[in-house]
Amino acid sequence: MTRTAITARRPVAGIGLLLLTAAAAWAWTVLRRDDMASPDMTGELPAFLGTWTIMMAAMMLPATAPAASLYARTAPVHRTPRLVAFTAGYLLIWAAAGLPAYALAFGATQTAATYPAAGTALAAAVFAVNGIYQLTPLKDLCLTKCRSPVALLLHYASFRGPARHVRSGAHYGAFCLGCCWSLMLLLTAFGVMDLWAMVGLAAVITAERRLPRGHLLARVVGVTSLALAIAVFWVPSLAPNLTGGGMTEMSLGH
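The sections below set out a description of the structure shown in this document. These numbers come from a predicted model, not from an experiment.

1. Focus on helix 12 (residues 195–210)
Working step 1: Taking 1.5 Å of rise per residue, the 16 residues of helix 12 would be expected to cover 22 Å, and the 22 Å separating its terminal C-alpha atoms lies within 8% of that figure.
Working step 2: Two or three places before Trp 196, at the start of helix 12, stands the capping residue Asp 194, its side-chain oxygen 3.2 Å from that residue's backbone nitrogen.

2. What to know about the layout of surface pockets
Working step 1: Of the voids in this model, the largest pocket is the one considered here, and its volume is about 230 Å³.
Working step 2: Elements supplying a minimum of two residues to the lining of the largest pocket: helix 6 (79–114), helix 10 (164–185) and helix 11 (187–190).
Working step 3: A total of 6 residues in the lining of the largest pocket trace back to one element, the largest contributor, which is helix 6.
Working step 4: A per-class count over the lining of the largest pocket returns 13 nonpolar, 1 polar and no charged.

3. Some remarks on the packing of aromatic side chains
Working step 1: Applying the stated rule across the entire model yields 10 aromatic pairs.
Working step 2: Seen in terms of ring centroids, Phe 48 and Tyr 102 are 5.1 Å apart; in terms of plane orientation they differ by 70°. Their pairing is edge-to-face. With a gap of 54 residues between them, Phe 48 in helix 5 (residues 45–72) and Tyr 102 in helix 6 connect regions that are remote in the sequence. Neither Phe 48 nor Tyr 102 differs from the other in exposure class; each is buried.
Working step 3: Arranged with centres 5.8 Å apart and planes meeting at 55°, the rings of Phe 127 and Phe 190 form a pair that is tilted.

4. Comments concerning the packing of helix 10 against helix 12
Working step 1: Packing of helix 10 against helix 12 brings their axes to within 11 Å, and their N-to-C directions diverge by 130°. As summarised for this structure, helix 10 and helix 12 are arranged oblique, according to the angle between their axes. Regarding helix 10 and helix 12, the two cross each other, and that crossing is right-handed. Within the contact between the two elements, helix 10 uses Tyr 172, Cys 176, Cys 179, Cys 180, Leu 183 and Met 184 and helix 12 uses Leu 201, Val 204, Ile 205, Glu 208 and Arg 209.
Working step 2: For the contact of helix 10 with helix 12, the residue count by class is 9 nonpolar, no polar and 2 charged.

Criteria and thresholds
- Residues numbered from 1 in each chain as written.
- Predicted model: local features only at pLDDT ≥ 70, side-chain atom pairs only at ≥ 80, totals over all residues.
- Heavy atoms only, no water.
- Helix = DSSP H or I, 4+ residues; strand = E, 2+ residues; numbered from the N terminus.
- Expected span 1.5 Å × (residues − 1).
- Polar contact = N/O pair within 3.5 Å; in protein donor to acceptor, adjacent residues only side chain to side chain.
- 1 Å grid on protein atoms, 1.4 Å probe; cavity = no way out; pocket = protein on both sides within 12 Å on 5 of 7 lines; lining within 4 Å.
- Points joined across faces, edges and corners; volume = space filled by probe spheres on them.
- Nonpolar A, V, L, I, M, F, W, Y, C, P; charged D, E, K, R; others polar.
- Phe/Tyr/Trp six-rings, centres within 6.5 Å; stacked < 30°, edge-to-face > 60°.
- Buried < 20%, exposed > 50% of the residue type's maximum accessible area, 1.4 Å probe, protein only.
- Axes fitted to C-alpha atoms, helices over the stretch in contact; angles between N-to-C directions.
- Parallel < 35°, antiparallel > 145°, perpendicular 65-115°, else oblique.
- Left-handed = near helix turned anticlockwise from the far one by under 90°.
- Contact = heavy atoms within 4.5 Å.

Spelled out as C-alpha cells, the structure:
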C-alpha cells in the first residue's frame, strides 16, 4: 500500500453510515435532553458514561467520518467491518475519557455548589486552560494529524492481529482526544449535558478539522477562551454551570 494508493481512493464509502450514526446520536440527545439533566442520568457513573459516549458519537463522528472512510477504503474487500471496527476503537477512547470527565465535573460542580465564590475562579481556570492549550505546539501537532491522516493510515498498515482495526481506531482517537480534550473541558463551565454547548463545540471541532484555515481558527478560539477567563469575573453568566445559572445541567449526585 502506498501513499498514492490511499489518496487516490475517494473517501466516500462509509461516510453516510457514520453520519447516520451521528444523526441518531443527536436525535437521542435531543429527545432525552430532560432526562440527561436529571439526577438518575447524571448522578451515577454508568449512566453518565453511557450518555457521555453517545454525546461523543454525536459531536465527533461528523468530523471523523472522512478519515474513517478513508481507512476503510485502503482495502478492496470487507470495508464495512473495517469501518465499524475502526469507529468502535475510536469511540472506545472517548468512552474512557468519560472517567476523568465525570470526576472533574463532579468535583467542580460540588465545589461550586458548596463554595459559590469559588465557582467563578473555577470557570476562569477552565477557560484559561483551554485558551493556553489551544496555542501550544501539542495542539497544533494533534490537529495536523487529525486534518491530514494519510501518514497515520500508512502506519496502521503495519498493525497485525484480529484487533488491528480497533487498535487503529483507538490510535487515531488518541490523537483526536489530544486535539479536543481542552475544548471538552469547557463543558464543565457551560454544563456537561447542555445541548447548545454541545452544538457549539461540535461546530468548532468540525471547523478546525475541515476548514482550510483550521489551524488559524484554533488559535482564534484559544485567544477568545483566554478573554473569557478574564471576562467571567465581570459576567459570571458566561459559565452558568459553575456560577449558579446552570447547576441543574450537571447536578451530579443531587
